[in-house]
Amino acid sequence: MTENATLIPPVSVHVPLGARAYDVRIGAGLIRDAGREIAPFLRRPRVAIVTDETVAALHLQQLQQALTAQGISSEALTLPTGESTKSWPHLTRTVEWLLEQRVERDDIVLAFGGGVIGDLLGFAAAILRRGVRFVQIPTTLLAQVDSSVGGKTGINSAQGKNLIGAFHQPVLVLADISVLDSLRPRDFLAGYGEVAKYGLLGDADFFEWLEENGPRLRDDMALRQQAVKHSVAMKAGIVTRDETEQGERALLNLGHTFGHALEAATGYSDRLLHGEGVAIGCALAFDLSARMGLCSQEAPSRVLAHLRQMGMPAALRDIPGELPDDEALITLMGQDKKVVDGRLRFVLARGIGQAFISDDVPRDLLIRTLSESR
């Protein structure tokens, strides 16, 4: 744990969704306090935990000890680590295991891991007994600032990413920012792709703050908490206004039309992590916007410079191995959830912090953007 971690009290961001409202708690050491945080939500003192092999080895014992200290019993299912776990076979395994544990509708199940576990267990909770309550305990930066908040749950298909799922809000999110110290540098940076996205889509001042402070988030717990809180607050505001993505919430997909296609092209493998795909996608979206005359060239130049400053991939040429040709990538984009009436929808920008949605993208400029990124 970084040096100033114990001096930082947790903060809360409220997600005001009426009867489904909840708090996102953000602080160092929240796993240690998980029993106290979760106890008020329990009808009986037992929970079922779903996690992955990496998180289980590092943190499961601490979580279960924290629960035991509050008189809460727990059982855990440990799944393989990686994007391929967001699949029908692992969803089936998870749901059957939860039924074996005699999980009832009034019980709580815990998603203890990154975005893969949060999405998978959230979907399992949505369909188990037509809806079981769950708590998100995200252990990656990407999950803390994005996937654990807002109620999107689901699994991948051979046809594309996150095409099978449901909206199912958690009752609580515990974002322990100290656990991020255990991430590989690459995984931390992949999550940072989603942090930068918030500044790029709607808050130029936040992006400017990140240009100054982004490289220090790895070592400064106070700055890390500030970045996570601001990101979560931005997402909570958008989700509150547009929970089921009928309008404004689609702005959160900045970089994702490109990124999801690249993830599919690389087989959802370690060649490209989700946050890396988002970072490359954001750079491509700003490049495309400039080519369309929507923003000045300064905007994509700043995006590219900041991603390079952080040591992140920012172009197709940064992805190891061969990629499908431009037409094949565009075909993959056509399977994205954001397609409406067969037309690709992109989140484009008129400048830093000025994103908007468009389905009017000239194909020749799209191809040129992809081609020159190789």
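Residues numbered from 1 in each chain as written. Predicted model: local features only at pLDDT ≥ 70, side-chain atom pairs only at ≥ 80, totals over all residues. Heavy atoms only, no water.

**Remarks on the overall build of the chain**
For the chain, the count of helices and strands is 13 helices and eleven strands. For a compact globule of 374 residues, the expected C-alpha radius of gyration is about 21 Å, and the chain comes in at 20 Å, within 12% of that figure. Over its C-alpha atoms, taken along the principal directions, the chain stretches across nearly 60 × 40 × 40 Å. The buried share among the 374 residues of the chain stands at 60%. Taking the intrachain contacts of the chain between residues at least 6 apart in sequence as the baseline, contacts between residues at least 24 apart amount to 75%. For the chain, the accessible area works out to roughly 14800 Å², and carbon and sulfur atoms hold 49% of it. One way to put it: in the chain the 39 positive side-chain charges average out to a point 4 Å from where the 46 negative ones average out. (Helix = DSSP H or I, 4+ residues; strand = E, 2+ residues; numbered from the N terminus. Rg over C-alpha atoms; globule rule 2.2 N^0.38 Å. Buried < 20%, exposed > 50% of the residue type's maximum accessible area, 1.4 Å probe, protein only. Contact = heavy atoms within 4.5 Å. Areas by Shrake-Rupley, 256 points an atom, 1.4 Å probe, with all protein chains shown as cover. Lys, Arg positive; Asp, Glu negative; His and termini not counted. Charge placed at Lys NZ, Arg CZ, Asp CG, Glu CD.)

**Considering helix α10 (residues 274-291)**
Each full turn of the α-helix corresponds to 3.6 residues, which orients residues three or four apart in the same direction. Here α10 spans 25 Å end to end across 18 residues, near enough to the 26 Å set by a 1.5 Å rise per residue. Within α10, 17 of the 18 residues are buried, leaving the element largely enclosed by the surrounding structure. Of the residues flanking the end of α10, it is G293, one or two places downstream, whose phi is positive at about 75°. (Expected span 1.5 Å × (residues − 1).)

**Comments concerning the environment of I127**
Looking at the element boundaries, I127 is found in helix α4 (residues 115-127). In this structure I127 comes out as partly exposed when scored by relative accessible area, which is 42%. Linking I127 and V95, residues 32 residues apart in sequence, is a C-alpha distance of 8.5 Å.

**With respect to the side chain of H306**
The residue H306 is located in helix α11 (residues 298-310) in this model. Setting aside anything within four residues of it in sequence, one finds H306 in contact with Y192, F207, L210 and E211.

**Observations concerning the packing of helix α9 (residues 256-265) against α10**
Axis separation between α9 and α10 bottoms out at 7 Å; the angle between their running directions is 135°. Taken together, the axes of α9 and α10 lie oblique to each other. In this structure, α9 crosses over α10, and the sense of that crossing is right-handed. For the pair formed by α9 and α10, the contact residues are H256, F258, G259, H260, L262 and E263 on the first element and H274, G277, V278, I280, G281, L284, A285 and L288 on the second. Of the residues contributing to the contact of α9 with α10, the split by class is seven nonpolar, six polar and one charged. (Axes fitted to C-alpha atoms, helices over the stretch in contact; angles between N-to-C directions. Parallel < 35°, antiparallel > 145°, perpendicular 65-115°, else oblique. Left-handed = near helix turned anticlockwise from the far one by under 90°. Nonpolar A, V, L, I, M, F, W, Y, C, P; charged D, E, K, R; others polar.)

**With respect to the packing of aromatic side chains**
Tallying each qualifying case throughout the model produces two aromatic pairs. With centroids separated by 5.9 Å and ring planes inclined at 15°, the aromatic side chains of F206 and W209 adopt a geometry described as stacked. Of this pair, F206 and W209 both sit in helix α7 (residues 204-213), separated by three residues, roughly a single helical turn. Above the ring of Y198, the side-chain terminus of K197 is found at 4.9 Å from the ring centroid. The cationic tip of R350 hangs over the ring face of F356; the distance from NZ or CZ to the ring centre is 3.8 Å. (Phe/Tyr/Trp six-rings, centres within 6.5 Å; stacked < 30°, edge-to-face > 60°. Lys NZ or Arg CZ within 6 Å of the ring centre and 35° of its normal.)

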